[in-house]
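Single-letter residue listing:
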Amino acid sequence: MKLVIAVVRPEKTNDVLEALYRAKVKGITMSRVQGHGGETERVETYRGTRVQMSLSEKVRFEIAVSDSFADAAVSAIAEGGQTGEVGDGKIFVLDLERAVRIRTGDSDVDAVTPVGGTS
Amino acid sequence: MKLVIAVVRPEKTNDVLEALYRAKVKGITMSRVQGHGGETERVETYRGTRVQMSLSEKVRFEIAVSDSFADAAVSAIAEGGQTGEVGDGKIFVLDLERAVRIRTGDSDVDAVTPVGGTS
Amino acid sequence: MKLVIAVVRPEKTNDVLEALYRAKVKGITMSRVQGHGGETERVETYRGTRVQMSLSEKVRFEIAVSDSFADAAVSAIAEGGQTGEVGDGKIFVLDLERAVRIRTGDSDVDAVTPVGGTS
Amino acid sequence: MIRGGDSAWMLMATALVLMMTPALGLFYGGLVRAKSILNTFMMSLVAFGVVTITWVLAGYSLAFGHSSNGFIGSLHFALLQHVGFGAQPGTHIPQLLFFAFQASFAIITAALISGAVVERIRFGAFVAFIALWSLLVYPVLAHWVWGGGWLSQHGVMDFAGGVPVEMGSGFSALAAAFVVGKRRDHGRQALLPHNVAYVVLGAGLLWFGWFGFNAGSAFGINHQTILAFVNTLLCPAATLAVWMAIEAKVNGRPTAVGAATAIVVGCVGITPAAGWISPAASLLLGAVAALPSYAVIQWRPKTRIDESLDVFGAHGLAGFTGILFIGFFAQRGWNGVGDGALFGHVAQLGWQAVADLATPLYAFAGTFVLLKLVGLVLPLRVSETEEAIGVDVTQHGEEAYSTGEGAILVKVEPPREHKLRGAAAKKAGAAL
Amino acid sequence: MIRGGDSAWMLMATALVLMMTPALGLFYGGLVRAKSILNTFMMSLVAFGVVTITWVLAGYSLAFGHSSNGFIGSLHFALLQHVGFGAQPGTHIPQLLFFAFQASFAIITAALISGAVVERIRFGAFVAFIALWSLLVYPVLAHWVWGGGWLSQHGVMDFAGGVPVEMGSGFSALAAAFVVGKRRDHGRQALLPHNVAYVVLGAGLLWFGWFGFNAGSAFGINHQTILAFVNTLLCPAATLAVWMAIEAKVNGRPTAVGAATAIVVGCVGITPAAGWISPAASLLLGAVAALPSYAVIQWRPKTRIDESLDVFGAHGLAGFTGILFIGFFAQRGWNGVGDGALFGHVAQLGWQAVADLATPLYAFAGTFVLLKLVGLVLPLRVSETEEAIGVDVTQHGEEAYSTGEGAILVKVEPPREHKLRGAAAKKAGAAL
Amino acid sequence: MIRGGDSAWMLMATALVLMMTPALGLFYGGLVRAKSILNTFMMSLVAFGVVTITWVLAGYSLAFGHSSNGFIGSLHFALLQHVGFGAQPGTHIPQLLFFAFQASFAIITAALISGAVVERIRFGAFVAFIALWSLLVYPVLAHWVWGGGWLSQHGVMDFAGGVPVEMGSGFSALAAAFVVGKRRDHGRQALLPHNVAYVVLGAGLLWFGWFGFNAGSAFGINHQTILAFVNTLLCPAATLAVWMAIEAKVNGRPTAVGAATAIVVGCVGITPAAGWISPAASLLLGAVAALPSYAVIQWRPKTRIDESLDVFGAHGLAGFTGILFIGFFAQRGWNGVGDGALFGHVAQLGWQAVADLATPLYAFAGTFVLLKLVGLVLPLRVSETEEAIGVDVTQHGEEAYSTGEGAILVKVEPPREHKLRGAAAKKAGAAL
Ligand SMILES: Nc1ncnc2c1ncn2[C@@H]1O[C@H](COP(=O)(O)OP(=O)(O)O)[C@@H](O)[C@H]1O
Ligand SMILES: Nc1ncnc2c1ncn2[C@@H]1O[C@H](COP(=O)(O)OP(=O)(O)O)[C@@H](O)[C@H]1O
Ligand SMILES: Nc1ncnc2c1ncn2[C@@H]1O[C@H](COP(=O)(O)OP(=O)(O)O)[C@@H](O)[C@H]1O
């Protein structure tokens, strides 16, 4: 199994989600993060305090998939999240040793997309 | 060492924390996330805009443990987080190469539960 | 490639960021988390409800680096995040199989610090 | 005869009291969890919608319509009959303005009760309950002390509503907490205020409105107006100081939620007494009123009673204290009307005590019976699952703090949707 | 002759209406996404800055200066000439106070239009637009009904601004939405309110201010003041009740955004009618006004028209309904002036209908032309990228909710910085 | 003789000024980091609790008690002696109402100072300081200009508090910043406002209250009331316009925090001048007052002076500007009393300049000494660790935005808990 982690633009979140649904990826966990990359930095002013903002809002996906499904997930994210401008983000794939479904206690691939898909 | 990642229901957070404390797991990192799985989707209405909400609030745990402690951590989470209804969440276990305690610079198992437990 | 995950004090965030910039780490993803460790717990009171707060605010970094860069990143974080008091946090290093830059589709080391650094 | 200055002040005072209803929504909304703020706020807003209408229909008349029974008013003023531009007897303001001022009281009192049952009552059941309550409980209590009822016949002094508003809401809240039952997480998890900034701002706005509430209860510009205004400044200041001193002593730290609560308690304490006691007595009342309310608000969460936002502790008890206090400290030299026990008129104390017995009984019993009746027709509580998900989403289909992520536009309105309800509607939605 | 009571009330009423401008900022700010709240709020605040000045320069005079053309006022009062402490004709308050009260109306009306174009209009273009609008559209409409213009010559009844304020803003908003165009995400993504607590609090404060708005439009203490006040209590209560009933029927759940909207719609509906109709008719108007506004607010987001915060549905339509309603229900027995069709004076209905035709035409056309003209000189919209990043950061260089993480102090002010603009400034910043 | 209209307006004006204290809490609370909002808000609320009481005890008397020394008042009115329902000399409102109006000024002025020392002063030390300050600094300055003191004897014009309120708070804030010292992160990290929506809403509510502040300072309904009201509308509009123009020129983008600040600065500028200058001069003052305040607010954060929320820049300086401006622009034709230098009375300018010298000296020195004295008895600052954790948690044991996660109910109250303090209490808690 693999754990796919992706960081994308917030405004592309729904596109990525739709691409994942289309790719039949069912289990997804998502959070709001801040990222630093090659993007232009913003200058902001608060009264006399002028700051350079080196972080931009991003959304992070975390998706466990069976080995055979990893490529499909990566492609779906890459497709849904792409604008072609600096700041589109990254996808990381890690090896996943074990997965457990809390509701049932089922272990391993049963708990991840697509085998044992949750709906 | 292992890195245990778990996604649970927000209302079970404190139960999971207590189960982990009882299992003598001391180091825990936690964040609020949103998840998509087999749960029923909600319809919400904002004036004339009607939307289907495909994400539910979840809480994500991230816990580094020594190999021998991984099972205990997984069981504790599974026990504390279970309701038996769809949406209870998942636990993922990854292999962890190295852990460093920032305060001291200590590396490896010294830095994770239970060896070198922090209190 | 490695995935470096670090949990640090919020008030040291900018120090860690600066240390990372100095170490020429360019791609960084960051989020606000809550942590439980060896820190003293706080008692809070809301009208007649008295609670013990077992979690403290922390900031979590997630940084993908090429193998050769992992040590530099770990040192930078450890240096920037250290106060010497309990609660400074931990750094975890995992093996990273694959990294993809969404903008271009480039895979592997091209997408992580420092090779193909994004700016 | 209508006087311009009197009317100007009463217009303003009425607007101020009306503003207290959204301010209460904010205060209560900050005290609950993020998943319940909208429902909590809505219970205040809906009181405006519902009680305004019941007040026109009959509530005002049942409170202020002349009657000989001493218990409840006649229907003389129902549907705003006989309410026009003429001067309200005993005042120099038009009857319609008097009606509006009294309406603002009925509205906020109904809204106050919601604090007892947040995060689990069904919205529809709450609406039905306050419609009945605003016809059968509030007007009765108001009639007793202000509408020519038996308490007023015995000279009970209640300047701005210790009886109908403060004890009326506080003891009703207690009954409601008993009937509706506790939240599933009460006593098991820490249920913390999700936004204390809203709580303190809400308390600040309530306090602002309270100047209209108390000084408006003189129905024009006279000595009691000024006295009530000054006392509404002094009394909560004393409560705040005492409350913070107690907290500093007990916890080592005064709290913001405590400060907000203290301001409300102080305002409640002075409400019945505002136009009757001297400024010095008002400072004393502020200090005295802090004690029982503080004690009960500390003790209550440790019990099984989930009277969630402590309407009883803050309003019921402080109102009780205020009413009794008048019995001792009323001073003709200041109010121009009558003295309390300390100034020689012990009978006043007796009748104030009677008001302090009769009001809780009627409010508690009335609410208990009404809610049980509503419960026969409509389920009072949301389901366990709905409670866990949160009343905002399940009762109103909304979230207060939404980012729009994962929200997919539903483009085609399903034709039969409007026939579906509750769980059925949710399933249908999911199937789209 | 100046009267104290009249002036006291009008001072207060003016302050209340002024308060509505920040309240509107909060209401609108809660309805947009978190990345746009400051820009949205700023569009209300800047209306205060800009329109106050244009009002002094000429706006007030163009509205209230005597003229014989019936279309627009003279420059008699420009630069506050001839505006002093003497009584405003027909009232017992000073001219300067009358001026200030009217200023508060012009300010909030300009602010209202911003709801149509949030999240994409350029701030500078908006400023230029409302400066012109407050000189060429608002004063004209105000002159028609209040300044001795043609509609007032025919006895059109508009108590507190159905013509200049409600239809004036609502139909201008519609035109602005057409000229500026839709947000890129409109119809593609769900654009949800980021803080519904702000929305309901904002609506509550708007309602509070509306008592000054409507009851202040009697310019003192008289029967119409009291009538307008009571009607401002009753009408939105009815709208709220009806709106929630409809939502309960259609969705199974009344919503908080719906309740907030209903309160605004009810207040708008009664605005023109407040001093003209009976309290009973006011309740009816509240119910009636809910229907077209509800329908349009449901329908509009499904179209390509991104009139983002439904200024047209809430203000334009409900103002239209209110103006027409007067034609039927005006009642001399209550207002002391004249009757509507139901009480025998059919001509009144005719002229109300004329106002309902002429106002939308002028407001829509005027705004359309002015915005096109502004667009010739300044780009009206931010770029696509700026829209995606958010107007707070790109138009104001600020975030509403900032944690300070990743924010690096810029210590040395770059010497040539002040010569750089926009993208150039951003690059220079990045290069520091 | 008491007049109804005058009293009605002054009741309302007093309520408005009292509302400014929670509004200030919100404004300041939004400007600090999320971990400090409650403490920041509490410093305003506690000013209400503490200063109300010191004002009754002696503050009011020290300000307004007749004296022959010209420096500080007698104890004639201490404990509210000789303050009753009779007319306040020179006005048509009761003495008690005059007392309450003045109390509201003392309260907010003390609260204002807190802006200088947020996020690090110990709460107890702040309480002790403002108790003393409200007895020894504020009343002295108020006596000078309003209580028959030496400045008033020389005809210094200060309509609503340029001396005691604006310079009083502003220069005290500067001294407080010096004595308490800077936050550990000042100049090292970016300390950004955590909620700019609170800041703009707070500014909006402050502005609303300011109409009571300035127009209430005429103590009834007269020409100066109207003039002050209109000027409070015009002056901040001009400041806002100028401030945004400067920001647009310097940064390319006007900001929301800037707009909120500008409104406050404009209101401060007009405060002393409100009833003395013409509307046209008021617009000019708005523009002029923007400049020094803008410059200092830009420059200050780059220095080592952590006068955190720029009370000096916004209040001290703009108050200074306003007082001086009167010396030029006071106009008998408008104020009915006297002229400034431009209208032939150069001596007025001289004495305004004297007020502008003496006030800063006394306020700065008084605060400096008082805080040093408090520091001898109580530590002024929280520890470095407490500052890093945040003053909300360490000073009040609360968080503003809590989710309840990881919060474990403490069921049994430890018996000896109430004897423990600070660090000890925390340890005990951890050991439970
Ligand atoms: N090496 C990395 N490790 C972790 N996160 C990264 C890394 N590189 C990029 N990111 C994340 O991806 C986001 C976009 O990256 P960036 O380099 O700006 O875009 P691009 O890939 O288009 O050059 C960053 O804001 C950051 O959140
Ligand atoms: N494959 C997965 N990868 C990442 N997160 C997942 C995955 N499957 C489930 N989750 C997380 O777990 C939550 C609950 O999963 P769900 O499938 O609804 O429950 P159940 O396991 O009871 O069927 C989801 O909301 C999501 O946050
Ligand atoms: N084993 C662990 N797994 C995950 N997170 C941990 C672990 N140990 C510590 N942490 C994180 O690091 C933070 C600081 O840890 P703590 O043990 O208090 O500090 P120290 O390393 O100085 O003893 C914790 O709040 C938690 O967020």
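Below you will find a few notes about this structure. Since the model is a prediction, treat every value here as computed from it, not as a measurement.

### With respect to the packing of helix H2 (residues 37-64) of chain D against helix H3 (residues 95-113) of chain D
Residues and elements named next belong to chain D.
Then step 1. Look at H2 against H3: their axes get within 8 Å of each other, and the N-to-C directions meet at 125°. As far as their axial angle goes, H3 and H2 are oblique. Considering the relative orientation of H2 and H3, their crossing is right-handed. Residue-level contacts link Ser44, Ala47, Phe48, Val51, Thr52, Trp55, Val56, Tyr60 and Phe64 of H2 to Phe98, Phe99, Gln102, Ala103, Ala106, Ile107, Ala110 and Ala111 of H3.
Then step 2. Residue classes in the contact of H2 with H3 are distributed as 14 nonpolar, three polar and no charged.

### Remarks on the relation of the copies chain F and chain D
Then step 1. The operation relating chain F to chain D is a screw motion whose rotation component is 120°, with 0.0 Å of axial translation and a residual RMSD of 0.0 Å. Such values leave the two copies arranged in the relation of a three-fold axis. When C-alpha positions in chain F are compared against the rotation axis, the closest is assigned to F:Gly5, at 2.3 Å.

### Describing the pattern of salt bridges
Then step 1. Taken as a whole, this structure holds 76 salt bridges over all chains when the rule is applied.
Then step 2. Residues C:Arg60 and B:Glu62 are paired through a salt bridge, measuring 2.7 Å at the closest nitrogen-oxygen approach. In this pair, C:Arg60 is assigned in strand E5 (residues 56-65) and B:Glu62 in strand E5 (residues 56-65), connecting two distinct chains. Judged on exposure class, the residue C:Arg60 and its partner B:Glu62 are both buried.
Then step 3. In this structure, C:Arg9 engages C:Asp88 in a salt bridge whose closest nitrogen and oxygen atoms are separated by 2.8 Å. Of the two residues, C:Arg9 is situated in the loop between strand E1 (2-8) and helix H1 (13-22) and C:Asp88 in the loop between helix H2 (70-81) and strand E6 (90-95); the sequence distance between them amounts to 79 residues. Exposure class is identical for C:Arg9 and C:Asp88. Each is buried.
Then step 4. Within this structure, D:Arg33, D:Glu119, D:Arg120, D:Arg183, D:Arg184, D:Asp185, D:Arg188, D:Asp306 and D:Glu384 form a network of salt bridges that share partners.

### Some remarks on the site of ligand 3
Then step 1. Taken together, 23 residues are adjacent to ligand 3, and B:Thr29, B:Arg101, B:Arg103, C:Gly38 and C:Gly87 come closest.
Then step 2. The environment around ligand 3 is built from residues contributed by chains B and C.
Then step 3. Between ligand 3 and B:Arg103, the relevant distance is 2.6 Å, taken from an oxygen atom to a side-chain nitrogen or oxygen of the residue.
Then step 4. Between ligand 3 and C:Lys90, the relevant distance is 2.9 Å, taken from an oxygen atom to a side-chain nitrogen or oxygen of the residue.
Then step 5. Here ligand 3, which alone exposes 550 Å², has 100% of that area covered by the protein.
Then step 6. With three residues, the single largest contributor to the shell around ligand 3 is E5(B).
Then step 7. Of the residues contributing to the shell around ligand 3, the split by class is six nonpolar, nine polar and eight charged.

### A word on the layout of surface pockets
Taking a probe equal in size to a water molecule and rolling it over the atoms shows the remaining empty space.
Residue and element names in this part refer to chain E.
Then step 1. A volume near 810 Å³ is recorded for the second largest pocket.
Then step 2. Pro89, Thr91, Phe98, Trp146 and Phe219 are, among the 35 residues lining the second largest pocket, the residues nearest its centre.
Then step 3. Put simply, the parts of the chain that give the lining of the second largest pocket at least two residues each are helix H2 (37-64), helix H3 (95-113) and helix H5 (138-146).
Then step 4. For the lining of the second largest pocket, a count of residues per class yields 17 nonpolar, 15 polar and three charged.

The rules behind the values
Residues numbered from 1 in each chain as written. Chains lettered and ligands numbered in written order. Predicted model: local features only at pLDDT ≥ 70, side-chain atom pairs only at ≥ 80, totals over all residues. Heavy atoms only, no water. Axes fitted to C-alpha atoms, helices over the stretch in contact; angles between N-to-C directions. Helix = DSSP H or I, 4+ residues; strand = E, 2+ residues; numbered from the N terminus. Parallel < 35°, antiparallel > 145°, perpendicular 65-115°, else oblique. Left-handed = near helix turned anticlockwise from the far one by under 90°. Contact = heavy atoms within 4.5 Å. Nonpolar A, V, L, I, M, F, W, Y, C, P; charged D, E, K, R; others polar. Least-squares fit on C-alpha atoms with pLDDT ≥ 70 in both. Salt bridge = Lys/Arg side-chain N within 4 Å of Asp/Glu carboxyl O. Buried < 20%, exposed > 50% of the residue type's maximum accessible area, 1.4 Å probe, protein only. Near = heavy atom within 4 Å. Polar contact = N/O pair within 3.5 Å; in protein donor to acceptor, adjacent residues only side chain to side chain. Areas by Shrake-Rupley, 256 points an atom, 1.4 Å probe, with all protein chains shown as cover. 1 Å grid on protein atoms, 1.4 Å probe; cavity = no way out; pocket = protein on both sides within 12 Å on 5 of 7 lines; lining within 4 Å. Points joined across faces, edges and corners; volume = space filled by probe spheres on them.

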